[in-house]
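Letter by letter, the chains look like this.
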Amino acid sequence: IKCDLSETESVRSLGEESLKFCSPGFVDVLINNGGISSRSSFLETTPEVDELLMQVNFFSGARLAKMLVPGMVEKGDGSVIWVSSVQGLGEFFPFSFKCMLHHESN
């Protein structure tokens with residue numbers, strides 16, 4: 001199933017198609033591993049790039065989890081795995097915005 005994590009409708013479609021594909025309508029494991037980065041410094045990064053980073057790196061996975069986890073809860077089984085980056089373990093100046101995103105999600 002193809003998905004553009006920067007597009008909310010594409011993410012919604014991925015969740016819906018995943019539920020149709022899996023039998024009996026429950027997803028056993030959700031692995032959120034999509035991610036992008038910006039190589040500009042915090043002060044040089046535009047708000048539009050910040051929003052794109054948040055959409056791809058966090059909001060898309062959160063949307064999928066909100067769509068798929070209720071079925072896991074109902075079934076009484078399932079796992080959600082968030083893949084992160086080593087940049088969340090410390091400061092990698094000057095890429096502080098991406099570090100902050102990963103640090104806060106770990």
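As the structure is a computational prediction, the values presented were derived from the model and not from experiment. (Residues numbered from 1 in each chain as written. Predicted model: local features only at pLDDT ≥ 70, side-chain atom pairs only at ≥ 80, totals over all residues. Heavy atoms only, no water.)

## Description of the overall build of the protein chain
Phase 1 of the analysis: Check the secondary structure of the protein chain and you find three helices and two strands.
Phase 2 of the analysis: Secondary structure elements in the protein chain, listed N-terminal to C-terminal, are α-β-α-β-α.
Phase 3 of the analysis: Across the 106 residues of the protein chain, 31% fall into the buried class.
Phase 4 of the analysis: Long-range contacts, defined here as pairs at least 24 residues apart, represent 61% of the contacts in the protein chain between residues at least 6 apart.
Phase 5 of the analysis: For the protein chain, the exposed area adds up to about 7,000 Å²; of that, 58% sits on carbon and sulfur atoms. (Helix = DSSP H or I, 4+ residues; strand = E, 2+ residues; numbered from the N terminus. Buried < 20%, exposed > 50% of the residue type's maximum accessible area, 1.4 Å probe, protein only. Contact = heavy atoms within 4.5 Å. Areas by Shrake-Rupley, 256 points an atom, 1.4 Å probe, with all protein chains shown as cover.)

## Here's the deal with a nonpolar patch on the surface
Phase 1 of the analysis: A grouping of Val-29, Ile-31, Ile-81 and Val-83 is seen on the molecular surface, where their side chains present a nonpolar patch of about 330 Å² in accessible area.
Phase 2 of the analysis: Mapped onto the elements, Val-83 comes out in the loop between β2 (79-82) and α3 (96-105). (Patch = residues over 30% accessible without salt bridge, like charges linked within 9 Å, V, L, I, M, F, W, Y side chains within 5 Å. Salt bridge = Lys/Arg side-chain N within 4 Å of Asp/Glu carboxyl O.)

## What to know about the pairing of strand β1 (residues 29-32)
Phase 1 of the analysis: Across the two faces of β1 the burial differs, with Leu-30 and Asn-32 buried and Val-29 and Ile-31 not buried at all.
Phase 2 of the analysis: Strand direction decides the pairing type here: β1 and β2, joined by four bridges, are parallel. Bridge pairing in β2 links Ile-31 to Ile-81.
Phase 3 of the analysis: In this fold, β1 hands off to helix α2 (residues 47-75), which returns the chain to β2; that crossover is right-handed. (Pairing = 2+ DSSP bridges. Right-handed = clockwise from strand over helix to strand, strands pointing away.)

## Points about the pattern of salt bridges
Phase 1 of the analysis: Scanning the entire structure with this criterion turns up three salt bridges.
Phase 2 of the analysis: Of the charged contacts, one joins Glu-17 and Lys-20 as a salt bridge, the two residues approaching to 3.4 Å between their closest N and O atoms. Separated by three residues within a single helix, Glu-17 and Lys-20 lie in helix α1 (residues 8-21), roughly one turn from each other.

## Considering the environment of Val-27
Phase 1 of the analysis: Within the secondary structure, Val-27 sits in the loop between α1 and β1.
Phase 2 of the analysis: Judged by relative accessible area, which is 8%, Val-27 ranks as buried.
Phase 3 of the analysis: Counting along the chain gives 50 residues from Val-27 to Asp-77, while the straight-line C-alpha distance between them is 9.5 Å.

## Observations concerning the packing of α1 against α2
Angle between the axes and distance between the axes are the two parameters that describe a pair of packed helices.
Phase 1 of the analysis: It is the contact of α1 with α2, at a shortest axis distance of 10 Å, that shows an interaxial angle of 35 degrees. The interaxial crossing formed by α1 with α2 has right-handed handedness. Where α1 abuts α2, its residues Thr-8, Val-11, Arg-12, Leu-14, Gly-15, Glu-16 and Leu-19 lie against Gln-55, Ser-60, Arg-63, Leu-64, Met-67 and Leu-68.
Phase 2 of the analysis: Among the residues making up the contact of α1 with α2, the classes are represented as six nonpolar, four polar and three charged. (Axes fitted to C-alpha atoms, helices over the stretch in contact; angles between N-to-C directions. Left-handed = near helix turned anticlockwise from the far one by under 90°. Nonpolar A, V, L, I, M, F, W, Y, C, P; charged D, E, K, R; others polar.)

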